[in-house]
Amino acid sequence: MSQFDVLFQPLNINKLTIRNRIVSTAHAEVYATDGGMTTDRYVKYYEEKAKGGCGLCICGGSSVVSIDSPQSWWSSVNLSTDRIIPHFQNLADAVHKHGGKIMIQISHMGRRSRWDGENWPNLMSPSGIREPVHRATCKTIEVEEIWRVIGDFVQAARRAKEGGLDGVELSAVHQHMIDQFWSPRVNKRTDEWGGTFEGRMKFGLEVAKAVREEVGPDFVVGMRITGDEFHPDGLNHDDMKQIAKYYDETGLIDYFGVVGSGCDTHNTLANVIPNMSYPPEPFLHLAAGIKEVVSVPVIHAQNIKDPNQAKRIVEAGYVDFVGMTRAHIADPHLIAKIKNDQVDQIRQCVGANYCIDRQYQGLDVLCIQNAATSREYMGLPHIIEKTEGPIRSVVVVGGGPGGMEAARVAAERGHKVTLLERNEELGGQITIAAKAPQRDQIAGITRWLVMELDRLGVEVRTGVTADAQMIRDLKPDVCVMATGGRPYMDQNPAWGAEEGLVVSSWDILNGKVEPGKNVLIYDTICEFSGLSAADYLSSKGSLVEIVTDDIKPGVGIGGTTFPTYYRSLYEKEVVMTSDFLLEKVYREGDNLVAVLENEYTGQHEERVVDQVVIENGIRPNEELYYELKEESRNKGQLDVEAMFDIKPQPILSESGDGMILWRLGDCVSQRNTHAAMYDALRLCKDL
Amino acid sequence: MVIDWLPSVLIVVLLALGVIGALRRVSLWRAGQPEKVNLIAGLLAMPGRYLKDLHHVVERDKYMSRTHVATGGGFVLSMVLVLVVHVFDVNEQIVAWALLGALLIMLTGAFFVFKRRLNPPARLSKGPWMRLPKTLMIYALTFIVLTLPAAGILPEGAGGVVLTAVLSVGVVIGLGELLFGMGWGGPMKHAFAGALHLAFHRRPERFGGGRSTGLKPVNLEGDVLGVAKPSDFKWNQLLGFDACVQCGKCQAMCPAFAAGQPLNPKKLIQDMVVGLAGGTDANYAGSPYPGKEVGNAKGGPDEIITAGLVSQETLWSCTTCRACVEECPMMIEHVDAIVDMRRFLTMEKGETPNKGSEVLENIIATDNPNGYAPSSRTNWAADQNLAVMKEKQEADVLFWVSDGAFDMRSQRILRAFVKLMKHANVDVAILGDEERDSGDVARRLGDDATFQSLAKRNLATLGQYKFKKIVTTDPHAYHCLRNEYGDFDTDGALAGVEVLHHTTFLNQLVQSGALKLDAFKGGKVTYHDPCYLGRYNGEYEAPRELLRSLGIEVAEMERSGFRSRCCGGGGGAPITDIPGERRIADMRMEDASETGAELVAVGCQQCTAMLEGVVEPRPEVKDISEILVDQLVEEVH
Ligand SMILES: Cc1cc2nc3c(=O)[nH]c(=O)nc-3n(C[C@H](O)[C@H](O)[C@H](O)COP(=O)(O)O)c2cc1C
Ligand code: SF4
Ligand code: SF4
Ligand code: SF4
């Protein structure tokens, strides 16, 4: 009797029954430590998804089969050694215990890697052509090496099977070795491994044959492919249909995963993990096109975030399985919540791509808004239990993401929580960030928190500027200070903030200040805020130049997000200037003159504009904290050792009068949303 | 003098008239359909049934049970002695004294009946029933005075003609009520019909503490399916209706009545009486069907009931909760009657209201009420690693999953139960896609043909496999399997098989130590007895014992145990959906909230759905298996 029944129809892949139609597709987690082993963190991360009801987890995105496909950059899983087998057994048990199934993506990444570390290999590729995204030069692979790599695939598949995993997925997507052979853009060979269609297909086919030979008919062997590389000299949708059909007819492949776009330029890479600027399921048609020509189930992931969307896709029969990969990173209990009729309690992925942008920097994958993800092993919970200790009165000052998360967690623990916010609306800086074009979905982070606070009965008082007396009167046992910060425009007095010559990016995005006609944005931070202000102003018709003293505007933004900014900014003819400091601003008649100084030559340039916007980060709002600090039981201090160990703050179990005062988020120092929410969760989970 | 003989003559005349009336009454019952009963054995058993079984029910109201023993006992004894003393003129003072004693007892009893009637509870009917204690007292007083001479207290002929005349009037009034009224439909009819109903009850298994709750099968080859006219009832059902004392205990317990739906079980039985005797309900002096006026109903033994006597809505309002039956001192079977009449509406007329016909069509086409693809029945268990009988052939326990398999909320109950069984290492299997709806809903909606077909097909499937127990989380399926399939189990598919509700089974596992549980840490818990578990199957204790084993002290609702109030989900009532002033589920939730509970424990997916449908804020609702699973002591591997 649920509208989502269609998602809960089990379906077999080969002989393997998947309990529902929702898959967490392969993603490089960057958690396989100890030389690429799936240790505790890794296992718990997948166990949580299985516990949450996920039908199939395909783990180990881009896990390597050979030692000359380096794994250490992304701490991906290393299948080139038998050492992995017992680790897989733990992993498989943990997932199977909860009724889930688990497979692993295996690959040789070819040229899509880095050679300057680990074993310092020569990277290999069909024709030795450099890969731009990783700036990776490579050699032309020799036939002996080809056969060795095929043998490595076989051994890797054997290890997965011996480790009790349910299947392997051959990566022929995102420009790994197999699709490097497929793509005429990269494969210029004239021998039997290139040239003709059959020649380009041969490597993948030999891999599939040899792997099937090893694992037998019943073990799942799938293949992930692109639906269109979106390069004029690459594989288009018709080519991909032909390829899919060709492999399907061999009967060696049990399912196809389909992804839209190639991945070997910055611009195509952004398509692969579509951020919040993309519409829902932008490439579904490509997957549906592949489904038309193959006889086995098709999986598709790319911006499917919502159960209704998933349901609609499966119901219409476009594909058989829906990948909800980031959706699971943001909320591994997504499916349990659908089943429990708690759809509006799902913490929906907002497409901030914090996860993937960390991955591309070789950092462990984390969710911007869910600090418990992948920290399950440390004891950070997704489902927060009620306290068995005393019920405390908690006052949270500041309704940004950190304060709201603190309030949510404290309320889940069963405490009596009051949240005070100066603005009429909750959300803090997220609300500002969401004002920019193509960034509105970021507000999903705080929208969910607002709904949860409401559900949990937190007393939310907006439009209230808290002062010390007000907090004393509330007599909190714990006061969480999360008052955020304010734009830092007076670092250099010559910018003229005092005189009102410059405005902040906040005021621009908030619409507090009318956009000028001719605007210079000075951005020292080089993250979202500066480019968002530029995008906002140019979309309102301003002529915009964004200047930074750093390497390039937006340089701090990750690989799947800066391209979508650039697409928009270049189109609107925003000028991006690097390496210039803003020395001073002065008024000249109706205009403003911005004096710029070249970081490296000291040379000066002037811009005559009518508006100067400063994006220089923020300074903490810490006055209230200092006012209350002395009278608090803990003098505002955190036991950082306990906090880093995810242990309760010792003061919670000590008796004493008065309030405990904690400070988190940007009112301590400027960090980011995740940092504020992580602190909130780890502090309040033991309240 | 003639006048001296008058009282004796009157006694004889009224006795004769009473007997004639009684014979006429018997002929009215005989218009019903034949049903075999052992007349002699029944009559012999009758006094015992009266003293034990009937009084067991009446005992619940101590005041009434005492006054009834005094009044009824006093009357029976005095009537015999009146004949001895005043008709056969036996002149033994000791007999006269005995008669005086009997009359005094009766007088006392009648006086207390009178007192109760001064301010009667709303459930009681008024009208002639208000008169009864007075006429009973007149009878007693009259015969006391008449007997004084025989007892030697007054000289013969004292008081003269005037007194004799007055006493004669008293005899006419008293015996008119008691003897004439008994035969001709006055309130005292209950004594006569009630006694015979005890003797010839259609469910003799109920006597001596037994339970008989399964509906009787329809003969699908019969001329009419179900009951169209009063004369389509079995003769002893008609007799049963006549036994009604209009005490209104049924009405006071009926959830549909309380919700303001157009059903009052007492009125329904009285309408049946109108129907069997012919006439109108103009003289009915009790509470009406909510929202309907009294006086417009008329019928006769051979007139279609729903064409003027009882409206269809009345019949479809019933949740088949059996609260009325459980409460009725006269052991009348309301649910049988209601379902009998529904059978006619559904099978002969195709007039099941609202979603009813759609649901029946679904059941026929897909073997489940919501019309899900039969092949998706086991989807819920895709990740449960449950053995399927088809492959396993044999298991200790067959887990009857029931149609909760299709419902996400119910699946949580199923999964919890599976987890508990796995922890206890139960050797269990399911039928998988071979299972079909138990037929419960079809049967309660009057479609016995579909029920019978489902029962037979399920039995044929069950017959292929070996198992010792059937366990189910669904009390409705439990009831069908345990109490109703037997009528069709010609091949003995269930012979020697124990059918258990999951709470009973889990309780065995917990008590034997096979399941280890932590103490429950939440707040106050109350327990809602599902009708089909409690009243239908007498299982009140296992769920409570389970909760106790978690350290929960159940905060009982006022209406609990055999007096539990239905959740509103039975008998297809949510499907026929007859409007009232309130929703039954809301009332039940109020009962629960009054205990201050934060959690309502239940043992039925249907109750869970109904109670969870109540708007928040309200206590949480969980099946007992869900509560247990949270307290499982997980072994660390
Ligand atoms: C952190 C991260 C790492 C990923 N790494 C891989 C990978 O190694 N191999 C791969 O085939 N896909 C990879 N993907 C792509 C995902 O499998 C998926 O296609 C993508 O996230 C779009 O689906 P979604 O919108 O449901 O998240 C990665 C995605 C994320 C978020
Ligand atoms: S970081 Fe962002 S894109 Fe990644 S899962 Fe979380 S919300 Fe989604
Ligand atoms: S079975 Fe329940 S609902 Fe039906 S008449 Fe009796 S008390 Fe009322
Ligand atoms: S049916 Fe039974 S309970 Fe109801 S009024 Fe008649 S005697 Fe009383």
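What you see is a predicted model, and the numbers here were worked out from it, not measured in a lab.

## A closer look at the overall build of chain A
Then, in step 1: Along chain A, the regular secondary structure elements total 23 helices and 27 strands.
Then, in step 2: Here the C-alpha radius of gyration of chain A, 27 Å, is about what a compact globule of 687 residues would show, namely 26 Å.
Then, in step 3: Counting all 687 residues of chain A, 63% fall into the buried class.
Then, in step 4: Taking the intrachain contacts of chain A between residues at least 6 apart in sequence as the baseline, contacts between residues at least 24 apart amount to 72%.
Then, in step 5: For chain A, the exposed area adds up to about 25200 Å²; of that, 48% sits on carbon and sulfur atoms.
Then, in step 6: Averaging the positions of the 72 positive and the 97 negative side-chain charges in chain A gives two centres separated by 4 Å.

## Some remarks on the site of ligand 4
Then, in step 1: Taken together, 13 residues form the shell around ligand 4, and within it Cys244, Cys247, Gly248, Cys250 and Cys328 of chain B come nearest.
Then, in step 2: Looking at the shell around ligand 4 residue by residue, the classes come out as nine nonpolar, three polar and one charged.

## Description of the interface of chain B and chain A
Then, in step 1: With 12 residues of chain B at the interface, the matching set in chain A holds 15 residues.
Then, in step 2: A combined buried area of about 1200 Å² lies between chain B and chain A, and 52% of that area is made up of carbon and sulfur atoms.
Then, in step 3: If you sort the residues of chain B by the area they bury against chain A, Asn379, Asp383 and Met408 of chain B come out on top, with a joint share of 45%.
Then, in step 4: Here Asp383 of chain B and Arg19 of chain A are joined by a salt bridge, their closest N and O atoms 2.5 Å apart.
Then, in step 5: Counting across the chain B and chain A interface gives two residue pairs in polar contact (both at pLDDT 80 or more).
Then, in step 6: In terms of residue class, the side of chain B that touches chain A is built from four nonpolar, three polar and five charged.

## Description of the domain arrangement of chain B
Residue and element names in this part refer to chain B.
Then, in step 1: According to the domain assignment, chain B contains domain 1 (6–199), domain 2 (227–349), domain 3 (367–510) and domain 4 (515–630).
Then, in step 2: With 33 residues of domain 3 at the contact, the number on the domain 4 side is 32 residues.
Then, in step 3: Summed over both partners, the interface of domain 3 with domain 4 comes to about 2600 Å²; 65% of that surface belongs to carbon and sulfur atoms.
Then, in step 4: Per-residue buried area on domain 3 facing domain 4 is highest for Arg409, Leu420 and Val510; these three make up 20% of the total on that side.
Then, in step 5: Here domain 3 and domain 4 share two salt bridges between them.
Then, in step 6: Here Arg409 and Glu626 are joined by a salt bridge, their closest N and O atoms 3.0 Å apart.

## Quick word on the nonpolar core
Then, in step 1: Among the nonpolar cores identified, the biggest contains 103 residues, and Ile104, Ile106, Phe153, Trp182, Phe203 and Ile225 of chain A are the most heavily contacted of them.
Then, in step 2: Ignoring any residue separated from it by four or fewer positions in sequence, one finds Ile106 of chain A in contact with Ser63, Val65, Leu79, Phe153, Ala156, Ala157, Val168, Glu169, Leu170 and Ser171 of chain A.
Then, in step 3: Ranked by size, the runner-up nonpolar core spans 94 residues in total, among them Leu198, Ala243, Met272 and Ile338 of chain B.

## Describing the domain arrangement of chain A
Residues and elements named next belong to chain A.
Then, in step 1: On domain assignment, one finds that chain A holds domain 1 (5–378), domain 2 (393–486 + 620–684) and domain 3 (489–616).
Then, in step 2: On a C-alpha basis, the centroid separation for the pair domain 1 and domain 3 is 40 Å.
Then, in step 3: Listed by partner, the interface residues are 14 residues for domain 1 and eight residues for domain 3.
Then, in step 4: Buried surface at the junction of domain 1 and domain 3, both sides included, amounts to about 820 Å², of which 47% is carbon and sulfur.
Then, in step 5: In terms of surface lost to domain 3, no three residues of domain 1 exceed His266, Asn275 and Asp357, which account for 43% of the buried area on that side.
Then, in step 6: Joining domain 1 to domain 3, the criterion identifies zero salt bridges.
Then, in step 7: Our count for the contact surface shared by domain 1 and domain 3 stands at nine residue pairs in polar contact (both at pLDDT 80 or more).
Then, in step 8: Of all the elements in the fold, those that place two or more residues in the side of domain 1 that touches domain 3 are helix 8 (266–272) and helix 13 (354–360).

## Things to note about the pairing of strand 11 (residues 298–301) of chain A
All names here are of chain A.
Then, in step 1: Here strand 11 shows no split at all, with Val298 and His300 on one side and Ile299 and Ala301 on the other all buried.
Then, in step 2: Bridging between strand 10 (residues 255–260) and strand 11 involves three bridges; their strand directions are parallel. Each residue of the ladder has a partner; that of Phe256, found in strand 11, is Val298.
Then, in step 3: Sheet topology places strand 11 next to strand 12 (residues 321–323); three bridges connect them, and they run parallel. Of the residues in strand 12, the one forming a bridge with His300 is Val322.
Then, in step 4: Chirality of the crossover, the property in question, places the unit of strand 11, helix 10 (residues 307–315) and strand 12 among those that are right-handed.

## Some details on the site of ligand 3
Then, in step 1: Taken together, Cys254, Pro255, Leu263, Pro265, Cys318, Thr319, Thr320, Cys321, Arg322, Ala323, Cys324 and Val335 of chain B make up all the residues around ligand 3.
Then, in step 2: By residue class, the composition of the shell around ligand 3 is nine nonpolar, two polar and one charged.

## Side note on unusual backbone geometry
Then, in step 1: Glu616 of chain B connects to Pro617 of chain B through a cis peptide bond whose omega is 0°.
Then, in step 2: Counting through the fold element by element, Pro617 of chain B comes out in the loop between helix 25 (605–612) and strand 10 (620–623).
Then, in step 3: Even without a glycine there, the phi angle at His174 of chain A is positive, about 60°.
Then, in step 4: Secondary-structure assignment places His174 of chain A in the loop between strand 8 (167–172) and helix 5 (177–182).

About the cut-offs
- Residues numbered from 1 in each chain as written.
- Chains lettered and ligands numbered in written order.
- Predicted model: local features only at pLDDT ≥ 70, side-chain atom pairs only at ≥ 80, totals over all residues.
- Heavy atoms only, no water.
- Helix = DSSP H or I, 4+ residues; strand = E, 2+ residues; numbered from the N terminus.
- Rg over C-alpha atoms; globule rule 2.2 N^0.38 Å.
- Buried < 20%, exposed > 50% of the residue type's maximum accessible area, 1.4 Å probe, protein only.
- Contact = heavy atoms within 4.5 Å.
- Areas by Shrake-Rupley, 256 points an atom, 1.4 Å probe, with all protein chains shown as cover.
- Lys, Arg positive; Asp, Glu negative; His and termini not counted.
- Charge placed at Lys NZ, Arg CZ, Asp CG, Glu CD.
- Near = heavy atom within 4 Å.
- Nonpolar A, V, L, I, M, F, W, Y, C, P; charged D, E, K, R; others polar.
- Buried area = accessible area lost by both parts, 1.4 Å probe.
- Salt bridge = Lys/Arg side-chain N within 4 Å of Asp/Glu carboxyl O.
- Polar contact = N/O pair within 3.5 Å; in protein donor to acceptor, adjacent residues only side chain to side chain.
- Domains from an automatic or database assignment.
- Core = buried A, V, L, I, M, F, W, Y, C linked by side-chain atoms within 4.5 Å.
- Pairing = 2+ DSSP bridges.
- Right-handed = clockwise from strand over helix to strand, strands pointing away.

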